[in-house]
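Fold and contact review
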Amino acid sequence: MAPKVKAPTTQYVCSQCGFSAPKWLGRCPDCGNFNTMQEEVVRPSEPQKTENRGGMYATKTKALPLSQVGYEKFDRVKSGISEFDTVLGGGIVRGSLVLLGGDPGIGKSTLLTQVAAHLAATQPSPTLYVSAEESCSQVKMRCERLGLNSDNLLLLNETCLEDIELSLGESKFVVIDSVQAIYTETLSSAAGSVGQVRECAARLMRIAKSQNITFFIIGHVTKEGALAGPKVLEHIMDTVLYFEGQQEDNFKLLRAVKNRFGSAQEVGVFEMTDSGVKSVSDYADIFLSETRGIAAGSSVTPSESGNRCMNVEIQTLISKAPFGQPRRMNLGVDYNRLVMLIAVLEKRCGIPFWNSDVYINAMGGIKLTEPSVDLAICAALASAANDVPIDKYTALFGEVGLTGEIRPVTYADKRVNECIKTGFKRVIIPAKNAKVCKKYEDKIELVPVQYVGQMIKALQLRPTNPQQ
Ligand SMILES: Nc1ncnc2c1ncn2[C@@H]1O[C@H](COP(=O)(O)OP(=O)(O)OP(=O)(O)O)[C@@H](O)[C@H]1O
Ligand SMILES: [Mg+2]
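1. Considering the overall build of the protein chain
- Check the secondary structure of the protein chain and you find twelve helices and 25 strands.
- For the protein chain, restricting intrachain contacts to residue pairs at least 6 apart in sequence, the fraction spanning at least 24 positions comes to 64%.

2. Overview of the sheet that holds strand S16 (residues 276-279)
- Taken in spatial order, the nine strands make up an open sheet running S10-S9-S11-S12-S8-S13-S14-S15-S16, and their pairing is mixed. Strand pairing shows two members of the sheet lacking a second neighbour, strand S10 (153-156) and S16, which therefore form its edges. The average undirected angle you get between the axes of adjacent strands in this sheet is 25°.
- The pairing of strand S13 (residues 239-244) with strand S14 (residues 251-259) spans six bridges and is antiparallel.

3. A short note on the site of ligand 1
- Surveying the vicinity of ligand 1 reveals the residues Gly102, Pro104, Gly105, Ile106, Gly107, Lys108, Ser109, Thr110, Glu133, Arg145, Met272 and Asp274.
- Counting residues per element, the shell around ligand 1 draws most heavily on helix H2 (residues 108-122), at three residues.
- Among the residues forming the shell around ligand 1, the class breakdown is three nonpolar, five polar and four charged.

4. Digging into the nonpolar core
- Ranked by size, the top nonpolar core spans 119 residues in total, and within it Leu345 and Cys378 carry the most contacts.
- Ranked by the residues each element gives to this core, the list is headed by helix H9 (residues 374-386), at ten residues.
- Ignoring any residue separated from it by four or fewer positions in sequence, one finds leucine 345 in contact with Ile351, Phe353, Cys378, Leu381, Ala382 and Val452.

5. Some words on the sheet that holds strand S24 (residues 426-430)
- One open sheet accounts for three strands, arranged S21-S24-S25; its pairing is parallel. Where the open sheet ends on each side, the last strands, each with one partner, are strand S21 (394-396) and strand S25 (445-449). Between one strand and the next, the sheet's axes are offset by a mean angle of 25°, whatever the strand orientation.
- Pairing analysis gives three bridges linking S21 to S24, with the strands arranged parallel. Within S24, the residue paired with leucine 396 across the bridge is isoleucine 428.

Cut-offs applied
- Residues numbered from 1 in each chain as written.
- Chains lettered and ligands numbered in written order.
- Predicted model: local features only at pLDDT ≥ 70, side-chain atom pairs only at ≥ 80, totals over all residues.
- Helix = DSSP H or I, 4+ residues; strand = E, 2+ residues; numbered from the N terminus.
- Contact = placed C-beta atoms within 7 Å.
- Pairing = 2+ DSSP bridges.
- Axes fitted to C-alpha atoms, helices over the stretch in contact; angles between N-to-C directions.
- Near = placed C-beta within 6 Å.
- Nonpolar A, V, L, I, M, F, W, Y, C, P; charged D, E, K, R; others polar.
- Core = buried A, V, L, I, M, F, W, Y, C linked by C-beta atoms within 7 Å.
- Buried ≥ 20, exposed ≤ 12 C-beta atoms within 10 Å, placed from the backbone.

Without other data, these values stay purely geometric and don't point to any function.
Right, dumping it as structure tokens:
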């Protein structure tokens, strides 16, 4: 007996987190937000082709032994923008779904227009740019400004997903600008609602996998910085990228937060110019300041993210706390880590912070998440507290334990190599990493340290308790 087709029903879906409930609720029980439950009509999908086996319905697909499963090697296509390729893990994988999120006006459309134009120029199949937000003439104007011109680049101004599907034609690379602006006829809710975004993304995924089409999907972010619409969107995607940066700043960071075909730690650095988005390969201008070595409270650490190492400056400012609880403000550095390192410096090196406000910032808007930045944070704090600047040509890295010992970190040799490349003359390293870094001894002065106190001594930051 074939399964019965159910009548459409309604459900209430939270616009923030995607939680669904059969009745309306004032507050979403999942994310706790008020007034976010929106009504949505659910049309049951067509029953799948199934066969009846003893009262149970089972699909006809069969499980295969591992050795019999065929696969194609990932064929990576170059996008024409080297930093974009790096963040994707070495190029665009055919048939993948790439979601690009970012604040309004950050340059999402610009970046993907450039990528689409390059693909159109280099690939035999046409590239389709579906602009659901801007008219074709607006996209054309942007292309003129960016100096892009290829007849293999097709522009489509369409918001209905079913019509977009019909227009795909021979295209193997498709840009959807944006997922919040398109809708599917199977749902009656407005474009941009949770249900629409989820359904459109799922449908695009099915097309991508069945026809081996690569989709670049633009997604807007909410005020809180999360991708607008439900988090479920990220599960469907193969790669999720965030384009970040200050509006007034020319430098933008492209960060991979999920990547099925590469590292999710990658960061790409771009510059926004009149002629479009350009890859930046020399990071020194962005992550290092000119006052380095002159003002107290700044230190430099080689930070590893993804497959690359970058020297990043950490700046701290310490001011007298007038009354009450002293403040700890952190940007780009984990708050708990900062508080822990302040406690280590107070207890192990006798540097008082109890009556001081501490402000800390990683330059260039980068987020430093790995523990190897501990030593540089301690150095910046000690430098600011004692008002002694750190030498301009000294970098440092190492994890700091609660006892004040310095623990070894991964990729120590790669970090030292980066310091050599960017012109540093001395690097303070964990004693246990000294062996792997020995090969660079003749190129840079290596200072192995075991305790935080030793680092303070090496940098002449006047320790109060030099035994540690
Ligand atoms: N004529 C121009 N000359 C120089 N730069 C421009 C010009 N027009 C736009 N830009 C730059 O391009 C940026 C907007 O790029 P784009 O439209 O790609 O952003 P977006 O992220 O797609 O925005 P939205 O969220 O509105 O779709 C602006 O911030 C601006 O810096
Ligand atoms: Mg746009």
